[in-house]
Amino acid sequence: RDEPSSLREAAAMAASATSLGVEVFLVWFGPALTAFAEGRLEEPGAAESSPAALLDAARETGRLRHLACSAAAVSSHLGVDAVRARVDDVVGWPTVVGLMRAAEKAFVW
């Protein structure tokens, strides 16, 4: 979802986990992928607590990877190349399921 509160929660969880040394893979789908790829995660007046700022902080730890669902990237009005420019990789469901199976904990929004 591209709902601000959901994006903030996901970003806060990613920032918290990476600050504790946990490796995090965020897999972006649908409207949330579009919002991320278009750089629309800033919140007016939120500054350091905006989803964009939290994800930037998590990214600085070196423990956060952004992945895009391949089907969502293909169907996005942005196109696969624009999505690929914003994420670390574009992956299919077998990769996502494999990451979830290998993870100690997995959260889905």
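Residues numbered from 1 in each chain as written. Predicted model: local features only at pLDDT ≥ 70, side-chain atom pairs only at ≥ 80, totals over all residues. Heavy atoms only, no water.

Peer 1: Looking at this structure, how should I read the packing of aromatic side chains?
Peer 2: A ring pair, where both rings are aromatic, is described by two values, the distance of the centres and the angle of the planes. Scanning all chains against the criterion turns up two aromatic pairs. For the pair Trp28 and Phe36, a centre-to-centre distance of 4.5 Å together with 10° between the ring planes defines the contact as stacked. In this structure, Trp28 and Phe36 share a single accessibility class: buried. In this structure, Arg86 is placed above the aromatic ring of Phe36, and the distance from its NZ or CZ to the ring centre is 4.9 Å. (Phe/Tyr/Trp six-rings, centres within 6.5 Å; stacked < 30°, edge-to-face > 60°. Buried < 20%, exposed > 50% of the residue type's maximum accessible area, 1.4 Å probe, protein only. Lys NZ or Arg CZ within 6 Å of the ring centre and 35° of its normal.)

Peer 1: Is there a simple way to explain the nonpolar core in this structure?
Peer 2: Side chains of a nonpolar character, in soluble globular proteins, are inclined to be buried together. Leu26, Trp28, Leu33, Leu41, Leu55 and Val83 are the most contacted members of the largest nonpolar core, which has 26 residues in total. Breaking this core down by element, the ones donating at least two residues are α1 (4-19), β1 (24-28), α2 (30-37), α3 (51-60), β2 (64-69) and α4 (70-75). (Core = buried A, V, L, I, M, F, W, Y, C linked by side-chain atoms within 4.5 Å. Helix = DSSP H or I, 4+ residues; strand = E, 2+ residues; numbered from the N terminus.)

Peer 1: In this structure, what is going on with the environment of Glu104? I would like to understand it.
Peer 2: Here Glu104 shows up in the segment after α6 (93-102). On the basis of relative accessible area, Glu104 is assigned to the exposed category, the value being 79%. Counting along the chain gives 82 residues from Glu104 to Val22, while the straight-line C-alpha distance between them is 10 Å.

Peer 1: Looking at this structure, I do not really get the pattern of salt bridges. What am I missing?
Peer 2: Opposite charge on two side chains permits pairing when their charged atoms draw close. Applying the stated criterion across every chain, the model contains two salt bridges. Arg40 is paired through a salt bridge with Glu38; the nearest N and O atoms lie 2.6 Å apart. (Salt bridge = Lys/Arg side-chain N within 4 Å of Asp/Glu carboxyl O.)

By themselves, these observations are geometric and do not establish any function.
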